[in-house]
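Architecture and fold: a report
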2 protein chains.
Amino acid sequence: MGKEVERKFLVKDSSYKNLCSGKLFKQGYLLSNLDKTVRVRLIDNKGFITIKSKISDLARDEFEYEIPFTDAEEILQKICEKPIIEKTRYTYNYKGHTWEIDEFHGENEGLIVAEIELEDENESFEMPEWIGEEVTFDSRYINSYLVKNPYKNWNK
Amino acid sequence: MGKEVERKFLVKDSSYKNLCSGKLFKQGYLLSNLDKTVRVRLIDNKGFITIKSKISDLARDEFEYEIPFTDAEEILQKICEKPIIEKTRYTYNYKGHTWEIDEFHGENEGLIVAEIELEDENESFEMPEWIGEEVTFDSRYINSYLVKNPYKNWNK
């Protein structure tokens, strides 16, 4: 089990594409509510199931297990709520921290967010200049909410 | 992935205890509704996560994965809906089929049910004489429902 502390930001421009490479992620939810989620995810040729439980607005318990790719595909197609989230994740190391930049596709095309994972809620960090407004506390940006309310339906 | 076809019966007496031995099961649910469940289970020193999705009243898709025992314990205690289901499961082979007899404890003390797993919905089978009334279609006997409405609260 890991404890996950994350902060989330919008992205001002696409500079990150010159700095690092991306991988395609597909993911769906068996369960998603304010307190807990059960997620199934495909990354390249691997499948995963992940349970997250909320500790505070910033922190969550997380349990993740690899499962057979073909099972994960079948669960995504047959059991998870639609639409399935598809995104390209870029991973960028900057001044001692790892940033994950998610470029969404499909029903969420146009949305790009960057996340940083921290050791604890008070840890300081530096931001690349293309990092924009913080949206950690804006629940619209939670991946499981993007299933229920995709970016293309937002009032922008 | 397996397809699961099960029929469920009440039990007339405790003859089964002389025929086979039992193991303690503890299990809880991250999600349970009419169509799908996500279950975490402890058997002896092993932990499991299981996803089931309903195909018909008798048949379900089932995906099961072993996970670390200590993770399973932590998920049961911290994240699953209470009460946790505790039962002793006896496994009895009879005329080419395996029967699982579940003797419930705690909030469901007094409830005993026997299940047989079949290859398909039309497969015939013979029943030991201590098997009673069929309850396959009575949703009160579904394990995840016993969390929401334990046997001790039933009008008996």
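Residues numbered from 1 in each chain as written. Chains lettered and ligands numbered in written order. Predicted model: local features only at pLDDT ≥ 70, side-chain atom pairs only at ≥ 80, totals over all residues. Heavy atoms only, no water.

An unreviewed UniProt entry annotates chain A as CYTH domain-containing protein of Acetivibrio clariflavus.

The next thing to look at is the interface of chain B and chain A. Contacts between chain B and chain A engage 18 residues on the former and 19 residues on the latter. It is B:Ile51, B:Tyr65 and B:Ile79 that lose the most area in chain B upon contact with chain A, and together they represent 29% of the buried surface on that side. Seen at the junction of chain B and chain A, the total is 2 salt bridges. Linking A:Lys78 and B:Asp61 is a salt bridge whose minimum nitrogen-to-oxygen distance equals 2.8 Å. Remark: the boundary between chain B and chain A carries 6 residue pairs in polar contact (both at pLDDT 80 or more). Counting only elements with at least two residues in the side of chain B that touches chain A, the list comes to strand S2 (22-32), strand S3 (36-43), strand S4 (46-54), strand S5 (59-67) and helix H1 (69-78) of chain B. Across the side of chain B that touches chain A, the residue classes tally to 12 nonpolar, 1 polar and 5 charged. (Contact = heavy atoms within 4.5 Å. Buried area = accessible area lost by both parts, 1.4 Å probe. Salt bridge = Lys/Arg side-chain N within 4 Å of Asp/Glu carboxyl O. Polar contact = N/O pair within 3.5 Å; in protein donor to acceptor, adjacent residues only side chain to side chain. Helix = DSSP H or I, 4+ residues; strand = E, 2+ residues; numbered from the N terminus. Nonpolar A, V, L, I, M, F, W, Y, C, P; charged D, E, K, R; others polar.)

To continue, consider helix H1 (residues 69-78) of chain A. Taken together, the buried positions of H1(A) are occupied by A:Asp71, A:Ala72, A:Ile75 and A:Leu76. The buried residues of H1(A) all sit within an arc of 135° when viewed along its axis, so they share a single face. Exposed residues lying more than 90 degrees from the buried face of H1(A) are A:Thr70 and A:Gln77. Against strand S2 (22-32), strand S3 (36-43), strand S4 (46-54) and strand S5 (59-67) of chain A together with S4 and S5 of chain B lie the buried residues of H1(A). (Buried < 20%, exposed > 50% of the residue type's maximum accessible area, 1.4 Å probe, protein only. Arc of directions from axis to C-beta.)

All names here are of chain A. Inspection of the entire model under this criterion finds 32 salt bridges over all chains. Measuring nitrogen to oxygen at the nearest pair gives 2.8 Å for the salt bridge that ties Arg-89 to Asp-102. Here Asp-102 lies in strand S7 (residues 97-104) and Arg-89 lies in strand S6 (residues 85-94), a separation of 13 residues in the sequence. For the pair shown, Arg-89 and Asp-102 are each scored as buried. Its salt-bridge partner being Asp-138, residue Arg-140 comes within 2.8 Å of it at the nearest N-O pair. In this structure Asp-138 comes out as partly exposed when scored by relative accessible area, which is 26%.

All right, on to the UniProt feature "active site" (unreviewed entry) in chain A then. Residue and element names in this part refer to chain A. This chain's UniProt record puts "active site" (unreviewed entry) on Tyr-29. On the accessibility criterion, Tyr-29 (5% relative accessible area) is buried. Excluding anything up to four places from it in sequence, Tyr-29 contacts Thr-37, Val-38, Arg-39, Cys-80, Glu-81, Asn-143, Ser-144 and Val-147. There is a polar contact of 3.0 Å between the side chain of Tyr-29 and the side chain of Gln-27. (UniProt positions renumbered as here; feature names shortened; annotations may be inferred.)

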